[in-house]
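Each chain, letter by letter, is given below.
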Amino acid sequence: MKNSFSMALREIVGKEYVMDEPVDMLAYSYDAAGLDQVMPSLVAHPGTCEELGKIVKLCNNHGRPLTVRGAGTNLSGGTIPNKSGVVVLTGRLNKIIELNIEDRYAVVEPGVITLQLATAAERHGLFYPPDPGSQAVSTLGGNVAENAGGLRGLKYGVTRDYVMGLDYFDAQGGLVTTGAKTVKCVTGYDLASLMVGSEGTLGVVSRITLKLIPQPAKRKAIMAVFSHMQPAAEAVSAIIAAQITPAVLEFLDHLTIKAVESYSKIGFPLEAAAMLLIEMDGHPAQVAEEAEQVVKICRKLGAVEVRLADTKEEYEQIWAARRGAFSALAKLKPTVILEDATVPRSKIPAMVKAIGEIAEKYNLQIGTFGHAGDGNLHPTILTDRRDQEEKKRVEAAIDEIFERALALDGTLSGEHGIGLAKAKYLERETTAATITWSQQLKKALDPNNILNPGKIIG
Amino acid sequence: MIREVISQLGELDDMLVTCMRCGMCQAACSLYEETGLETDVARGKIALLDGLARKMIDDAPGVAKRLNRCLLCGSCESGCPSGVPIMEIFLKARAIITAYTGLSPLKKLIFRCVLTSPAFFDRLLEYGAPLQRFFIKPVKKGSITSCARMKRTPLGNRHLEPLAPIPFHRQFKQVPIASEGENYTVAFFTGCLLDKIYPRIGLATLEVLAHHGIGVRVPERQACCGIPNLAAGDQQGFEKLVRFNLECFPVDTFDYLITACATCTSTIKKFWPMMVDDETLAGQVRILAEKTMDISEFLVDKVGLDSAADTSNQEEQIVTYHDPCHLKKSLGISTQPRRLLEAVPGYRLEEMEQPDRCCGMGGSFSLAYYALSASIADKKRDAILRTGCTTVATSCPACMMQLTDTLSRGGHRIKVRHPIELLAQDLVQRQ
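What counts, and where the lines are drawn
- Sequence order as written defines the numbering, with residues in each chain counted from 1.
- Lettering for chains starts from A, numbering for ligands starts from 1, and both go in the order in which the items are written.
- Selection of residues for local features in this predicted model requires a pLDDT of at least 70, selection of side-chain atom pairs for listing and counting requires 80 or more, and totals for whole chains, interfaces and linings are taken over all residues.
- Based on all heavy atoms of the structure, the side-chain values leave hydrogens and waters out of the count.
- Helix and strand assignments follow DSSP, with helices taken as H or I runs no shorter than four residues and strands as E runs no shorter than two, numbered in order from the N terminus.
- C-alpha atoms define the radius of gyration in this analysis, and the globule rule sets the expected value at 2.2 Å times the number of residues to the power 0.38.
- For each residue, the accessible area found with a 1.4 Å probe, counting protein chains only, is set against the maximum for its type, and the residue is called buried under 20%, exposed over 50%, and partly exposed in between.
- Any two residues having at least one pair of non-hydrogen atoms within 4.5 Å are treated as being in contact.
- We get accessible surface area from the Shrake-Rupley algorithm with a probe of 1.4 Å; when it comes to residues, only the shown protein chains can shield them.
- Counting rule applied: Lys, Arg positive; Asp, Glu negative; His and chain ends not counted.
- Just so you know, the charge point we use is NZ for Lys, CZ for Arg, CG for Asp and CD for Glu.
- Between 30 and 60 degrees the pair is tilted, below 30 it is stacked and above 60 it is edge-to-face, where a pair is any two Phe, Tyr or Trp rings, Trp via its six-membered ring, whose centres lie within 6.5 Å.
- A pair of strands is labelled paired if DSSP reports no fewer than 2 bridges between them.
- Orientation is described by lines fitted to C-alpha atoms, with helices fitted over the stretch in contact, and by angles between N-to-C directions that extend from 0 to 180 degrees.

Enquirer: I'm lost on the overall build of chain B in this one. Help?
Expert: For chain B, the helix and strand inventory stands at 23 helices and ten strands. The C-alpha radius of gyration computed for chain B amounts to 21 Å, which stays within 12% of the reference 22 Å derived for 431 residues, consistent with globular compactness. Each of the 431 residues in chain B was classed as buried or not, and the buried ones make up 59%. Considering only residue pairs separated by 6 or more positions, chain B has 76% of its internal contacts joining residues 24 or more positions apart. Approximately 18000 Å² of chain B is accessible, and the part contributed by carbon and sulfur atoms is 53%. A distance of 8 Å separates the average location of the 51 positive side-chain charges in chain B from that of its 48 negative side-chain charges.

Enquirer: Please clarify how the packing of aromatic side chains should be interpreted in this entry.
Expert: The relation between two aromatic rings is expressed through the spacing of the ring centres and the mutual angle of the planes. Taken as a whole and assessed by the stated rule, the structure comprises eleven aromatic pairs over all chains. With centroids separated by 5.9 Å and ring planes inclined at 75°, the aromatic side chains of Y128 of chain A and Y162 of chain A adopt a geometry described as edge-to-face. Note that Y128 of chain A is positioned in the loop between strand 7 (126-127) and helix 5 (140-146) and Y162 of chain A in the loop between helix 6 (153-156) and strand 8 (163-169), a separation of 34 residues in sequence. As far as burial versus exposure is concerned, Y128 of chain A and Y162 of chain A are alike and both buried. When the centroid spacing of 6.5 Å and the interplanar angle of 90° are considered together, the rings of F249 of chain B and F254 of chain B count as edge-to-face. Take F254 of chain B: its relative accessible area is 4%, and that puts it in the buried class. Three or more aromatic residues link up through ring pairs in this structure, and these residues are F168, F172 and F188 of chain B.

Enquirer: It is not clear to me how the environment of N449 of chain A should be interpreted in this structure. Could you clarify?
Expert: Position of N449 of chain A among the secondary structure elements: in the segment after helix 15 (432-445). Separated by 383 residues in sequence, N449 of chain A and L66 of chain A have C-alpha atoms that sit 9.3 Å apart.

Enquirer: What am I meant to see in the sheet that holds strand 6 (residues 292-294) of chain B here?
Expert: Adjacent strands of a sheet form backbone hydrogen bonds with each other and so pair up, either parallel or antiparallel. Residue and element names in this part refer to chain B. Strand order across the open sheet formed by four strands is 4-3-5-6, with parallel pairing between neighbours. Whereas interior strands pair on both sides, the edge strands pair on one side only; in this sheet they are strand 4 (215-217) and strand 6. Between one strand axis and the next, the sheet turns through 35° on average, direction left out of account. Bridge count between strand 3 (residues 185-189) and strand 4: three bridges; the pairing is parallel. Along strand 4, the bridge assignment pairs T185 with G215.

Okay, here's the thing in structure tokens:
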């Protein structure tokens, strides 16, 4: 005999779209963060946003925790459910409702895949810039919940900068709407700003209006190799000081370069200490001029090799190397832990040095790559989750990475979110009152604590 | 018994642990695209095996059911950022769990009594061919595809090409082939679908090889490559077939083993060395795997194609090419079949969107989950239609069956051909 809650859930979405067998629950007990697994008690797969709203209301009436799951690529445990909870999948809410070329916006359901929107926009000469590493599978609902970033943060910003409007269900299942399809809108509180990055703890997003911009006419990629870290960092500062804003300004360290090269044989110098991958985009004349300047700056600061991609093949090769960075590192050891401590970009050399010291101190392999333009680094710790002794050292190293980042005026997370993984560190960056205030806010909006409980503020 | 399963799955731990749950396999999986279910994608299946091995769940049949709901196309593995050996995990796990749950009575009958007794299998289908008209009928008068006469058959509403009246092994001798070649002597591994449904592909292969002066040995009796057994977790039947085939194809009697079936090629080349446990066979299996080549790979990389005739004043038809997963994702072969097509005068190759997206056939998957399989195929059909082609070519007879079905159900008169057929057809025209 099924209990009344699960019967009611089946009534809302149809019985073939509710799962409760332990085997299926196991498949929704994890995300990409590699934390301890928690099996939910039910999984629902709604087919319309109305059903989504009814599910929220039902969960609230029964006091059952609810965790929304898109592609499950979260890197901070934000999609790990509660034991008595319901996982709500957004996979069937995958329609691009409107793509408006004249007014340059798109209205989408939360389950639309990031890359699908970007591709659809591109067909009309438009551009959706946020490009998290998981964009081929990640959903826009998840991107909004995490305020996902990507490679283009320096010039184009992050998901937050593209959210014009949101519809979401509050904890009671009431539909809240905020923002508009207009460039300007000051109607009511700016609730979208509160919702973006709230990791599903304040509401359940049902519809997103996203800003689109024109596609840049020209793109050019540059690769610069350095035999020391310092001149690479100086080159980053010099490019910014020259009033140039590259679309992408990426950094790869020695271990990452070696890993990429051994895997893809592109011809990277193995002794290189650092590499910058830079992309300029915009009007062809400006791109050409700025690319020339960037090449000059890199050469002047002692780059041992500077390659300017002229053909499409060369361009592809340079970016294949960057895209392959994570997977090349991932192949070195069974388990990889990808962090995203972020510092002001002028502090990158200090942070890279700190990571090197931490790797040595705890006897770990840590490869670092990331977004040099916006200070968002990805120290990637290579380990084996079965090795309990090493696990302790890994935890201590992560702790110290956060400590050093904060000491450099940085932040715990640039783009992966706090979730479960970093909730305990939150007070270190903020204050006790910040957490209390946030908890009060959460309690006022979600008195039964059903919306993804335990994330961010514990 | 369940403890036995758990301890054996533990042996896969070194492979299971390499999955970091990044979820990128979702982008590659045609089945996940249809259902959006985590248990349908590689990450979910690996998590289930890991959970079973670590005793988080104990429902081995439940895991088996979800594990078997897979096309085994290998798309996930070829795009996996951590290089998880997904196919090896899946096939070995299927064998471990099947050893515990046993084969279904129908599969047991087919594998134990038919497939692993090649002589009986051959005869059964030979006698069966004239009788098939009692069970299937042409879709329309004069159409090349047929469908089931009765409702509720395992065929569903599939449109299929019927069994050939005369199988390949009864008619290949009509093609004059030398048994010793000037440069190369090869052996031809026919494969079940070529032998019983598409003898014309086998004959085309022999004609092209003869034209290039290649010596060809075709053992009249050969067995299935064993992929149905591997997919069902039937290790015993699989090894029996490998042993039989090794006797049919003594490895020191030819330079290369040629097939015109992507699935047979990938099974012999990759799965045989991976899955054969019997150590007495390992050496021969390894040599045979090294010698096995797809026909287009052999012609382009080893033999060299004739230069194409001048076709400047000839009207061109559009041909598009579907990459079989077992050729491109499993073996990295995608340019050679296209070179073959480009060498055929009168055809212009026009690429479809995502030519390497799985067509949804997956062997026994399409019998067990026909609705899902057909829905995946219909996406492929739409991509084919958008090219405006008159012929779609692909190097795998199983893909050909799937494409034939989806095109015929849609009422489209696009021809489905193996690239070697088009090449052979051109040779005939030139003569």
